[in-house]
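# Structure assessment
Letter by letter, the chains look like this.
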Amino acid sequence: MKNNILIRKIQPSDNPFIAKIIRTALEEYGEAKPGTVYTDPTTDELYKTFSSAPKSGYFIAELDGEVIGGSGIYPTKNLPKGYAELVKIYLKS
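Heads up: these notes are all about the structure in this document. (Residues numbered from 1 in each chain as written. Predicted model: local features only at pLDDT ≥ 70, side-chain atom pairs only at ≥ 80, totals over all residues. Heavy atoms only, no water.)

For the rest of this paragraph, the subject is the overall build of the protein. Scanning the protein for helices and strands turns up 2 helices and 4 strands. Listing every helix and strand of the protein by position from the N terminus yields β-α-α-β-β-β. Computed over its C-alpha atoms, the radius of gyration of the protein comes to 14 Å, within 12% of the 12 Å expected for a compact globule of 93 residues. Split into buried and exposed, the 93 residues of the protein put 33% on the buried side. A separation of at least 24 residues holds for 46% of the contacts in the protein among residues at least 6 apart in sequence. When the accessible surface of the protein is totalled, it reaches about 6,400 Å², and 59% of it is carbon and sulfur. Between the centroid of the 12 positive side chains of the protein and the centroid of its 11 negative side chains there is a distance of 8 Å. (Helix = DSSP H or I, 4+ residues; strand = E, 2+ residues; numbered from the N terminus. Rg over C-alpha atoms; globule rule 2.2 N^0.38 Å. Buried < 20%, exposed > 50% of the residue type's maximum accessible area, 1.4 Å probe, protein only. Contact = heavy atoms within 4.5 Å. Areas by Shrake-Rupley, 256 points an atom, 1.4 Å probe, with all protein chains shown as cover. Lys, Arg positive; Asp, Glu negative; His and termini not counted. Charge placed at Lys NZ, Arg CZ, Asp CG, Glu CD.)

The structure is reproduced here in structure tokens:
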């Protein structure tokens with residue numbers, strides 16, 4: 001086992017892998033509820049969500065070629081100008 005971790009920008013092909021990681025994490029913590037990212041359709045389209053918003057980005061963590069999690073930076077509404085929020089940080093168990 002190499003244990004090489006790679007952090008890279010999200011690609012369209014990552015969508016189903018990171019969506020599964022997010023939903024599995026919410027299930028593990030009893031937070032798989034309506035009104036959360038568990039049922040939010042953007043959870044299945046993170047590449048599109050982050051690539052279409054200026055000054056945002058989503059990054060995938062890979063361990064030996066397997067997607068193990070991700071996190072994003074997003075200029076959430078109502079933040080002061082020039083600020084962004086660290087969002088959607090999820091990892092496999």
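Moving on from the coordinates now.
Moving on: the side chain of Thr43. As for its position among the elements, Thr43 is in the loop between α1 (15–28) and α2 (46–51). Since its relative accessible area comes to 0%, Thr43 is described here as buried.

A few words on the nonpolar core. Core analysis: the largest hydrophobic core is formed by 14 residues, its most contacted members being Ile10, Ile18, Ile22, Leu46, Tyr58, Ile60 and Tyr90. At 5 residues, the largest contribution of residues to this core is made by α1. Once residues within four sequence positions are removed from consideration, Ile60 is found in contact with Leu6, Ile7, Arg8, Ile10, Asp14, Ile18, Val67, Gly69 and Gly70. (Core = buried A, V, L, I, M, F, W, Y, C linked by side-chain atoms within 4.5 Å.)

Looking at the element boundaries, Asn15 is found in helix α1. Polar contacts involving the side chain of Asn15 include one to the main-chain amide nitrogen of Leu46, which spans 3.2 Å. Residues within four places of Asn15 in sequence aside, it is in contact with Ile10, Asp44, Glu45, Leu46 and Tyr47. (Polar contact = N/O pair within 3.5 Å; in protein donor to acceptor, adjacent residues only side chain to side chain.)

A word on the pattern of salt bridges. This model, assessed by the stated rule, comprises 5 salt bridges. A salt bridge links Asp14 to Arg8, with the shortest nitrogen-to-oxygen separation between them at 2.7 Å. Here Glu31 ties to Lys33 by a salt bridge, and the two come within 3.5 Å at their closest N and O atoms. By sharing partners, the salt bridges in this structure join Arg8, Asp14 and Glu62 into a single network. (Salt bridge = Lys/Arg side-chain N within 4 Å of Asp/Glu carboxyl O.)

Under the 1.5 Å per step criterion, the end-to-end length of α1 is 20 Å for 14 residues, consistent within 8% with the ideal 20 Å. Along α1, the residues that are buried comprise Asn15, Ile18, Ala19, Ile21, Ile22, Arg23, Ala25 and Leu26. Just past α1, the residue Gly30 takes up positive phi, approximately 70 degrees. (Expected span 1.5 Å × (residues − 1).)

What follows deals with the sheet that holds strand β2 (residues 57–63). Spatially, 4 strands are ordered β1-β2-β3-β4 in an open sheet, and the strand pairing comes out antiparallel. Strands with a single pairing partner mark the edges of an open sheet, and in this sheet they are β1 (5–9) and β4 (85–91). Taken pair by pair, the neighbouring strands of this sheet meet at an average axis angle of 20 degrees, ignoring direction. Of the pairings in the sheet, the one linking β2 to strand β3 (residues 66–74) comprises 7 bridges and is antiparallel in character. Bridge pairing links Ala61 to Gly69 in β3. Each of β2, β3 and β4 touches α1; the most contacted strand, β3, lies at about 85 degrees to it. (Pairing = 2+ DSSP bridges. Axes fitted to C-alpha atoms, helices over the stretch in contact; angles between N-to-C directions.)

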